[in-house]
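# Coordinates in review
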Amino acid sequence: ENAVRMTQVCPNLTLSSAGPFPSKEWVEYSVKPLSRLVKLASIHYYSDMTPDWTSREDIINSYKKRVVSVRMARNMIREMSMLLAGSDVKLSFDEWNAWCNWSHPSSVVDGIFTALMMHMIITEAYTSGIDISCQFEAVNESAICVTPQGVSLTATGQALKLMKEHAYGILRYESDYVIATEKNDLITMTIVNPSYQSEKRISFMTHKKPVFAQLYRGESILPHSHFLISNMDIDLIREEKMISVPPYSMVIVQYEH
């Protein structure tokens, strides 16, 4: 009744069903029966693991757990998508972040987590039907730090700024660590290396000259760390281009299609 009256006042209103997730009972007894009026099912995800900075071993283990937690988010989305099969209800991934209470200092750990989450969301938007995705909450809890002295991006904000280059593009290639999209005859490729200690080498074939390439290098995963951004030179002689990405770092490359 509430949904009917709301849409009578605002016919263009998009409603989302909120409840436990993923839940077969919720989908069968609430989401699907309301699907005539409610076209989205809301899901949230927070890795919510407090990092342990006590020792080097604890630091490494905390980092690895945060990286692996992206798989848990992917599994949750896929499970919910399967439960919605047979309906025209899409997913509204309207809350996700490293943790739901931003009482811990930001670091490159959160930036790598955010980049991997964005890669996952871009991929699953096609295959699992994610219609809306919102990183929550941006100001003074993740991406943007506002103080009396000024405004700056955290490592999370840097990762989101990098990934926005995929907006409105067509997905051309995807893996856990590499995403390539096409927009306006330009290929945008982002590479994330979540390894704590190993360099990742990525090769791709193109005879076109890259028009833009930057490295977001993580020099530390300790609190208050940021990515150091620098331009990259890519070998233009051969069609096979090789990129080396340092540990807990990211790269963006753009070239003509």
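Fair warning: this is a prediction, and the values are worked out from it, not measured in the lab. (Residues numbered from 1 in each chain as written. Predicted model: local features only at pLDDT ≥ 70, side-chain atom pairs only at ≥ 80, totals over all residues. Heavy atoms only, no water.)

## Describing the packing of helix α4 (residues 108–127) against helix α5 (residues 155–163)
Which entries qualify depends on this criterion: Each axis is a line fitted through C-alpha atoms, and for a helix only the stretch in contact is used; angles between axes span 0 to 180 degrees, taken between their N-to-C directions. To qualify as a helix, a DSSP run of H or I must reach at least 4 residues; to qualify as a strand, a run of E must reach at least 2; elements of each kind are numbered from the N terminus. Here the word oblique covers every angle except those under 35 degrees (roughly parallel), over 145 (roughly antiparallel) and from 65 to 115 (roughly perpendicular). The hand of a helix crossing depends on one turn: near helix anticlockwise from the far one by less than a right angle means left-handed, and clockwise means right-handed. Contacts were defined at the residue level, with two residues in contact if any of their heavy atoms lie within 4.5 Å.
Packing of α4 against α5 brings their axes to within 7 Å, and their N-to-C directions diverge by 30 degrees. Classified by the angle their axes make, α4 and α5 are roughly parallel. When the axes of α4 and α5 are compared, the crossing they make is right-handed. Where α4 approaches α5, its residues Val108, Asp110, Gly111, Thr114, Ala115, Met118 and His119 are matched on the opposing element by Ala155, Thr156, Ala159, Leu160 and Met163.

## Let's talk about the pattern of salt bridges
Applicable threshold: Any Lys or Arg side-chain nitrogen found within 4 Å of a carboxyl oxygen on Asp or Glu counts as a salt bridge. For every residue, the accessible area (1.4 Å probe, protein chains only) is compared with the maximum for its type, and the residue is labelled buried under 20%, exposed over 50%, or partly exposed between those bounds.
A full pass over the atoms with the stated rule returns 8 salt bridges. With a shortest N-O distance of 3.0 Å, Lys39 and Asp88 are connected by a salt bridge. Taken together, the residues span a long stretch of sequence, with Lys39 in the loop between α2 (24–31) and β2 (40–46) and Asp88 in the loop between α3 (56–83) and β3 (90–97) at a distance of 49 residues. Taking relative accessible area as the criterion, Lys39 reaches 34% and is therefore assigned partly exposed. We classify Asp88 as partly exposed; its relative accessible area is 44%. Across the salt bridge formed by Arg66 and Asp110, the nearest N and O atoms sit 2.9 Å from each other. Here Arg66 is found in helix α3, whereas its partner Asp110 is found in helix α4, with 44 residues between them in sequence. For the pair Arg66 and Asp110, one class covers both residues: buried. Here the salt bridges share partners, and the residues they tie into one network are Arg74, Arg78, Glu124 and Asp176.

Fair warning: the whole summary comes from geometry, so function is off the table for now.
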